[in-house]
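Here are the chains, one letter per residue:
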Amino acid sequence: MTAQSKLHSGFIASLARKYRVTSWFYDVLDYPWERQYRQWRPHLLKNVEGEVLEAGVGTGRNLKHYPTAAHVTGVDLSPEMLRVAKKRARKSACSVTLLQQDALHLSDLPSNHFDWYIATFLYCVLPDELQPRALEEMIRVLKPGGRFKLLEIVYSKEARLRRRQEFLAPLAEKLYGARFDRHTLEYLREKDQIKISRTRYLKADTYLFIEGRKKPS
Ligand SMILES: C[S@@+](CC[C@H](N)C(=O)[O-])C[C@H]1O[C@@H](n2cnc3c(N)ncnc32)[C@H](O)[C@@H]1O
């Protein structure tokens, strides 16, 4: 077993344990932030149609915001989070399929199949060393010309905001496995098969939204 695959299997096992517990109170705990996120989600998802893969679907907070013309495949490694997502899937306007899958190894999903790849607050959970692998899977499953949108939380450069984030960081890592010092944008820039079309912050310099597409082959 390589050091990379050891890290991977250790990460998956520890994250699955974490979310087995966190799933019980995830929505309650996240509520103060979700009040903000729920303003953004409909705008982020309003033009997302066709075959859509949502990686790290969690408790399914995005599901009700997809247009009717979307068929969403939502994957998550935590069966407990998926159980909550299932309830939300019943209320969504689009058709939804939920699968327990590792975003780093989407073994049940075909190559060149999806029009869209969506991930909100997934990459802040993935360790830096594993991010390139997750992005390779994203590229594999997207059709040539298929598009992606990622929303992540990162450390602010503003001292007061950064101090507040540093105060919350141990709790975010303990409960969600999330960190604010991931380098997702840098890993995306290293991938020749994709083009980043836009990056912008949704609030201060902390909520980083990244859009792009897989280059036509
Ligand atoms: C912080 S939550 C975000 C949930 C949801 N996307 C949202 O916007 O509310 C991160 C989710 O990613 C899932 N996750 C983390 N690593 C994963 C992986 N390698 N494969 C699939 N899901 C993963 C966790 O189980 C959790 O449900």
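Residues numbered from 1 in each chain as written. Predicted model: local features only at pLDDT ≥ 70, side-chain atom pairs only at ≥ 80, totals over all residues. Heavy atoms only, no water.

Visitor: Sorry, what's going on with the packing of aromatic side chains here?
Guide: Ring pairs (aromatic) are described by centroid distance and by the angle formed between their planes. Overall, the coordinates contain eight aromatic pairs when judged by the stated rule. When the ring of W40 is compared with that of Y207, the centres are 4.9 Å apart and the planes differ by 65 degrees; the resulting orientation is edge-to-face. Taken together, the residues W40 in helix 3 (residues 31–45) and Y207 in strand 7 (residues 207–214) connect sequence positions 167 residues apart. Each member of the pair, W40 as well as Y207, carries the same accessibility label: buried. An aromatic cluster is present here, built from Y37, W40, F121 and Y207 joined pairwise through their rings. Between R162 and the ring centre of Y155, over which it is positioned, the NZ or CZ distance is 3.9 Å. (Phe/Tyr/Trp six-rings, centres within 6.5 Å; stacked < 30°, edge-to-face > 60°. Helix = DSSP H or I, 4+ residues; strand = E, 2+ residues; numbered from the N terminus. Buried < 20%, exposed > 50% of the residue type's maximum accessible area, 1.4 Å probe, protein only. Lys NZ or Arg CZ within 6 Å of the ring centre and 35° of its normal.)

Visitor: Whenever I open this one, the side chain of Q131 confuses me. Can you help?
Guide: Mapped onto the fold, Q131 is located in helix 5 (residues 131–141). For Q131, the side chain forms a polar contact with the main-chain oxygen of L126, separated by 2.8 Å. (Polar contact = N/O pair within 3.5 Å; in protein donor to acceptor, adjacent residues only side chain to side chain.)

Visitor: What exactly am I supposed to notice about the side chain of S92 here?
Guide: Structurally, S92 can be placed in the loop between helix 4 (79–90) and strand 3 (95–100). Under the relative-accessibility criterion, S92 is labelled buried at 12%. Among the polar contacts made by the side chain of S92, one reaches the main-chain carbonyl oxygen of A89 at a distance of 2.9 Å. A distance of 3.2 Å separates a polar atom in the side chain of S92 from the backbone oxygen of C94. Those residues within four positions of S92 in sequence are excluded, and the remaining contacts are L63 and K64. (Contact = heavy atoms within 4.5 Å.)

Coordinates in, geometry out; function isn't part of it.
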